[in-house]
Amino acid sequence: MIETERAILSSMIFDPSLWLTLDEEIFVNQSTRNIYRAMASLRNKSLPLDEIFIFKELKKSHSEETIQEMLIPILSTSPLSTIAAYVNILNEQHQKRDIEQLLIDIRINLNDEKIDTAQARTQLRTKLDKIEANQHVELFDAFTPSEIEEADTEYYLKTWLPIPKESVALITAPGGVGKTFLVIQMAMRIALEEKKRIFLWLSEDKLSKTKKRMQMIAKEILKTDIAYFDKYITITNSAPFHFINKPNSYSSEHNSKFYDLKRLLDAYDIVFFDPLIAFYGGIENDNADARFFMQPLTQWCEERNTTICLIHHSPKGTIGSRGGGAFVDAVRLHYGIDNILDENDEHIQKESRNVHVLKDNDDVLQFLKKDVVSRQLFPSQNRNPIPVEIVEFPHI
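Residues numbered from 1 in each chain as written. Predicted model: local features only at pLDDT ≥ 70, side-chain atom pairs only at ≥ 80, totals over all residues. Heavy atoms only, no water.

This paragraph deals with the overall build of the chain. Scanning the chain from terminus to terminus reveals 13 helices and 12 strands. Taken over C-alpha atoms, the radius of gyration comes to 27 Å for the chain, far larger than the 21 Å a tight globule of 396 residues would show. Along the three orthogonal principal directions, the C-alpha set of the chain runs to about 100 × 45 × 45 Å. Relative to its full complement of 396 residues, the chain shows a buried share of 45%. Considering only residue pairs separated by 6 or more positions, the chain has 70% of its internal contacts joining residues 24 or more positions apart. Carbon together with sulfur atoms contributes 48% to the accessible area of the chain, which is approximately 20,500 Å² in total. Of the side chains in the chain, 47 bear a positive and 59 a negative charge, and the two mean positions are spaced by 5 Å. (Helix = DSSP H or I, 4+ residues; strand = E, 2+ residues; numbered from the N terminus. Rg over C-alpha atoms; globule rule 2.2 N^0.38 Å. Buried < 20%, exposed > 50% of the residue type's maximum accessible area, 1.4 Å probe, protein only. Contact = heavy atoms within 4.5 Å. Areas by Shrake-Rupley, 256 points an atom, 1.4 Å probe, with all protein chains shown as cover. Lys, Arg positive; Asp, Glu negative; His and termini not counted. Charge placed at Lys NZ, Arg CZ, Asp CG, Glu CD.)

Written as structure tokens, this is what we have:
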């Protein structure tokens, strides 16, 4: 049980948006109870829930050596993406302990000749009411309709290839069709149209290859000096890490580096991950793993007002999403890309590709007008490149 207590506290430290106001009595271990009490005190003072402030708060009543012994196991525990289910486990155990104590008290009262059955029943009801009152846990925020602010969905690239803001989108295609060319152009168009900061993690391509592609798009399609994009676009091809780990075949956990990544990319408005599978870490056809992977990405968008775009491979002969259906279930928009063919299945308009709207929860069709559109991804001819400086992203 202590591992569960540590995981809950670790998660709230790594991601304070997971904070839940709890009865500290649900923590059996005194160290985790002390740390939660310190965190609650910081929360009430609107102070950060990080190691430095927790240490200062604990120092008011504990020695530095004791604090180290309490904090190190918490900070070394892998955080969870959601803690409600684990809190419920602790709460259930707490309730069982209370009931066990109540049964002991009942036996004592029944053996006490000074207490009659009416008094025993009254004490029983009082203690049961207290047990039930202590089970209140804040698992969600609730609002009346009048408290909710209306907001229309906003989009990037309305006139070219719309992407709903602050949500997760998916782009799929077979290998070699041009997914990465499309993603690079999308990023460059967003920088041009809205001057937003974009992070591209293109793990399969050399930086020199990405640079060449950007040069071609900037000069031949967008008619813009590539140096313009230095202010808005950051690129890395660093080796990716898995967002989830599987210590065994029947369990998964979120990598603590994922929470570091969220903080590092907090300044960016839109983030592209190419390809999805390089960041996954689960079993590709396992929907439970896929949901576990997608859930913190959706939370990231909601909490940080970020837009995330995942690039994923299609099964052979299709433009759909490979692997578990939960990948598609979790996104608001899904585009599939394929070649433009004539009636004889010959490849035509080789500089362009068909983009299919495969899932549309936010009505991008109001802009596109049809569910298959043609977009130019490649220059008609190559020209001499214009130099550009690529910004390296630090390894995590």
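Further notes follow.
Let us look at helix H2 (residues 30-44). Taking 1.5 Å of rise per residue, the 15 residues of H2 would be expected to cover 21 Å, and the 21 Å separating its terminal C-alpha atoms lies within 8% of that figure. Of all the residues in H2, the buried ones are Thr32, Arg33, Asn34, Ile35, Tyr36, Ala38, Met39, Ala40, Ser41 and Leu42. The inward-facing, buried residues of H2 contact helix H1 (2-14), helix H3 (51-58) and helix H4 (64-75). With a side-chain oxygen positioned 2.9 Å from the backbone nitrogen of Ser31, the residue opening H2 is Asn29. (Expected span 1.5 Å × (residues − 1). Polar contact = N/O pair within 3.5 Å; in protein donor to acceptor, adjacent residues only side chain to side chain.)

Here the focus is the nonpolar core. Among the nonpolar cores identified, the biggest contains 48 residues, and Met188, Ile198, Leu200, Phe229, Ile233, Phe272 and Tyr335 are the most heavily contacted of them. The element contributing the most residues to this core is helix H7 (residues 179-194), with 9 residues. Once you skip the residues sitting within four places of it in the chain, Ile233 turns out to touch Ala187, Met188, Ala191, Ile198, Leu200 and Met214. (Core = buried A, V, L, I, M, F, W, Y, C linked by side-chain atoms within 4.5 Å.)

Inspection of the entire model under this criterion finds 15 salt bridges. For the salt bridge of Lys45 with Glu57, the shortest nitrogen-to-oxygen distance reads 3.3 Å. Highlighted residues: Lys45 in the loop between H2 and H3 and Glu57 in helix H3, separated in sequence by 12 residues. The partly exposed category is assigned to Lys45, whose relative accessible area is 42%. For the salt bridge of Glu194 with Lys165, the shortest nitrogen-to-oxygen distance reads 3.0 Å. In this pair, Glu194 sits in helix H7 while Lys165 sits in the loop between strand E2 (163-164) and strand E3 (168-173), placing the two residues 29 residues apart along the sequence. With relative accessibility at 26%, the residue Glu194 sits in the partly exposed group. In this structure, a network of salt bridges that share partners links the residues Asp15, Lys262 and Glu303. (Salt bridge = Lys/Arg side-chain N within 4 Å of Asp/Glu carboxyl O.)

Pairing is mixed in the open sheet, where 8 strands are placed in the order E5-E4-E8-E9-E3-E10-E11-E12. Only two strands of the sheet have a single partner each, and these edge strands are strand E5 (233-236) and strand E12 (372-376). Ignoring which end each strand starts from, the neighbouring axes of this sheet average 20° apart. Two strands pair when backbone bridges link them, and E3 and strand E10 (residues 333-338) are joined in this way by 4 bridges, in the parallel orientation. (Pairing = 2+ DSSP bridges. Axes fitted to C-alpha atoms, helices over the stretch in contact; angles between N-to-C directions.)

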